[in-house]
Amino acid sequence: MTKDFRDYGINIHSRKGTWTRAKCPKCPPGKKAHDSDLAVNLDSEYWVCHRCGSSGSLKYGWTGETDHIIEIEKADTPSNPSNKEGMYKYFVSRRITREVVDRNNIQFASAYFPTVKKKKDCICFNYYYGSKLVNSKFRSNDKDFTQSKGGLKIFYKLNDIIEADEVIITEGEIDALSFEVAGYKNAISVPDGGIQPNWENIEGKMEFLKNSAEFLRHVKKFYLATDNDEVGLALQRALAQRLGKEKCYIVSFREDCKDPNDSLKKYGQHSLRLAIENAKPYPIDGVHTADDFKSEVERIYTDGYPEGPFTGLDSFDAHLKFHEGMLVVITGVPGHGKTTLTVYQLCRYATRQDWKFAIFSPEHSISSLIIMLTRQIIKKNFHRTSINRMTMEEVKEAQKFINEHFFFIDPLSAEKETFTIDDLFEATRYLKMKYGVKGLFIDSWTKIQHMVSKFESETNYVQRVLNRFSAFSKQTGMNTYLIAHPTKMETKADGTYKVPKMYDIAGSANFFNLADVGISVYKEESAEADVFFTRVYFEKIKEDWMGKTGVATLLHDRASLSFYDSHKQFEEDSDLDYYNDYKRYEDEMEF
């Protein structure tokens, strides 16, 4: 059944144009709700409230609830309020007008600076989520910086893009203000500057995207106006990967200008307008020269290819370590553990590398997938009558981890009669932007809504769609793990099934030809009663630096649905112990 705005308590009085206004049904009691607080995009069927920040869409309902967002206290009064004129003079020296300073509620305040262990008068940049003050950043006259303890990481000037189809992203507050001086209120800034090229915890640095995601869903074009240095370029790459390279444009400045404010000071407002007008699409595919890849080739020569994440299963890792942007096709005999093994791989990447994943698996209920992950993480049985059953406390710990690392795409909850590949890509891009997911698991090929033209052969259709999956993986930097069932099963003399090959997959040999990695999963009984081997056949490894073809032999622990090397004993320790050790090490290295 098709949903209407009225189903969510939104009454639309005018349907002219792209944007209209309505009264927000989510504004909390005690707030004076106006009839025009809720901005509604009639084209994308998306809405967001200027006052409380709540948001949603007809496709997904209310997705941006704000009850959890905590408002911080306002900054302290400065010790010498008469020095406020000095703040305006500072901004004038940066070519930022008094009107822009006042419109953005920039204050002269006092804050505690940990570096000197005392309070100092300072400039205060306020961060708002709707009407809520959620963070403040402070800059003293001697260029010391600090911010509110426990403040929410979001874009600076976030409210200015509620109705913007195009958004300019800068590296600092003053850069965003510089664009506003030039006439672009739709300029925002990341909260913590650029990214060091060797920074390991990039996802932690990008937390502001998760918190700001609901304000970005409707944006059609992003202008990346970061600083022209290694730190700025690293931020540019991270933003493009999360927001979608196809939506991003690179903003460049004159060689003697390191950032937007430098351009404003030296060449005026017109220089920033020219920079936006001349922005170039973020490179995805096309014609390149060797010089375009000079630094990458030299880095690989010096440091070698990146090792990629590891599962901790020796026989598996000896054949393959996944890298970003790969299309992985998994096949096997029905009931031989394709889903269980693949989910276990993702679980190991999550606990060992802090990776996050989107899961599209209509073949299984979401609760059954969560229980499977819980058993694999805790390494114990879940069900009431089982031996060595996990405790409720262990269940809660696992669920907290799963909630932060696995995101389930459910076509039924989307209330759509069909859930197409485009719908799947859209949902995954959103999860990439908001949470930084590293991979998409599709279980299985047959559960996707395929739109095959009567004028197109099945072989050509499969080739076209797999090319789309491959391009999606490379553009987003995500791995796509696709389960595809074989078309027919051949039996051996003893009546058991032969190992299916990639060419046996129903539909087309293109599953082998177009995959970066091809895997077949096969279960065999061992001489020991109730013990099974799982053979993982690596049929295709596209590049030799990714690994090698061959067979990995694993044993399967039925109680926990886990796998382990056949030459080792089963390790009963919870994978959360490993994850907690990994996070402690990461925190120490960051410190």
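Now for a quick tour of the structure.

Attention now goes to the side chain of H336. Among the structural elements, H336 can be located in the loop between β15 (327-332) and α11 (338-353). With sequence-adjacent residues up to four places away left out, H336 is seen in contact with V521, Y522 and K523.

F91, I169, W445 and F469 are the most contacted members of the largest nonpolar core, which totals 103 residues. In contact with F91, other than residues within four places in its own chain, are I96, V101, I106, I123, F125, I174 and L177. Of all hydrophobic cores here, the second largest spans 44 residues; its members include F316, C347, W355 and A398.

The tally for this structure, following the rule as stated, stands at 25 aromatic pairs. Taking 5.9 Å as the distance between ring centres and 90 degrees as the angle between the ring planes, the aromatic pair formed by F125 and Y156 counts as edge-to-face. Of this pair, F125 sits in strand β7 (residues 118-129) while Y156 sits in the loop between β9 (145-147) and β10 (166-170); the two residues are 31 residues apart in sequence, bridging distant segments of the chain. On the numbers, 6.2 Å between centres and 45 degrees between planes, the contact of W355 with F357 is tilted. Take W355: its relative accessible area is 9%, and that puts it in the buried class. On the accessibility criterion, F357 (0% relative accessible area) is buried. Linked through ring pairs, F322, Y349, W355, F357, F406 and Y481 together constitute an aromatic cluster.

Moving on, we get to the side chain of N186. Note on placement: N186 falls in the loop between α3 (173-181) and β11 (187-189). The exposure class of N186 is buried, given its relative accessible area of 16%. A distance of 2.7 Å separates a polar side-chain atom of N186 from the backbone oxygen of E166. Not counting residues within four places of it along the chain, the set of residues in contact with N186 comprises D160, I161, A164, E166, V167 and I168.

What follows is about the sheet that holds strand β3 (residues 46-49). Strand order in the open sheet made by the five strands is β1-β2-β3-β4-β5, with antiparallel pairing throughout. The sheet terminates laterally at β1 (19-22) and β5 (61-62), the two strands that pair on one side only. As judged from the four bridges shared by β1 and strand β2 (residues 38-41), these two strands associate in the antiparallel manner. Within the sheet, the bridge partner assigned to T20 lies in β2 and is V40.

Let us look at the packing of helix α7 (residues 260-267) against helix α8 (residues 269-277). α8 packs onto α7 with a crossing angle of 130 degrees between their chain directions and a minimal axis gap of 6 Å. Between α7 and α8, the angle falls in the class oblique. Contacts from P260, S263, L264 and Y267 of α7 reach α8 at Q269, S271 and L272. Considered class by class, the residues forming the contact of α7 with α8 number four nonpolar, three polar and no charged.

Moving on to the packing of helix α14 (residues 421-435) against helix α15 (residues 458-476). The interhelical angle for the contact between α14 and α15, taken along N-to-C directions, is 10 degrees, at an axis separation of 12 Å. Judged on the interaxial angle alone, α15 and α14 are roughly parallel. Mapping the contact onto sequence places I421, D422, L424, F425, T428, R429 and K432 in α14 and Y461, V465, R468, F469, F472, Q475 and T476 in α15. The residue makeup of the contact of α14 with α15, split by class, is seven nonpolar, three polar and four charged.

Okay, the sheet that holds β10 next. Read across the sheet, five strands follow the order β11-β10-β12-β13-β14 without closing on themselves; strand pairing throughout is mixed. Strands with a single pairing partner mark the edges of an open sheet, and in this sheet they are β11 and β14 (280-281). For β10 and strand β12 (residues 221-225), the ladder comprises five bridges, and the chain directions are parallel. The residue bridging I168 from the neighbouring strand is Y223, located in β12. Contacts from α3 reach β10, β11 and β12, with the element oriented near 175 degrees to β11.

Thresholds applied
- Residues numbered from 1 in each chain as written.
- Predicted model: local features only at pLDDT ≥ 70, side-chain atom pairs only at ≥ 80, totals over all residues.
- Heavy atoms only, no water.
- Helix = DSSP H or I, 4+ residues; strand = E, 2+ residues; numbered from the N terminus.
- Contact = heavy atoms within 4.5 Å.
- Core = buried A, V, L, I, M, F, W, Y, C linked by side-chain atoms within 4.5 Å.
- Buried < 20%, exposed > 50% of the residue type's maximum accessible area, 1.4 Å probe, protein only.
- Phe/Tyr/Trp six-rings, centres within 6.5 Å; stacked < 30°, edge-to-face > 60°.
- Polar contact = N/O pair within 3.5 Å; in protein donor to acceptor, adjacent residues only side chain to side chain.
- Pairing = 2+ DSSP bridges.
- Axes fitted to C-alpha atoms, helices over the stretch in contact; angles between N-to-C directions.
- Parallel < 35°, antiparallel > 145°, perpendicular 65-115°, else oblique.
- Nonpolar A, V, L, I, M, F, W, Y, C, P; charged D, E, K, R; others polar.

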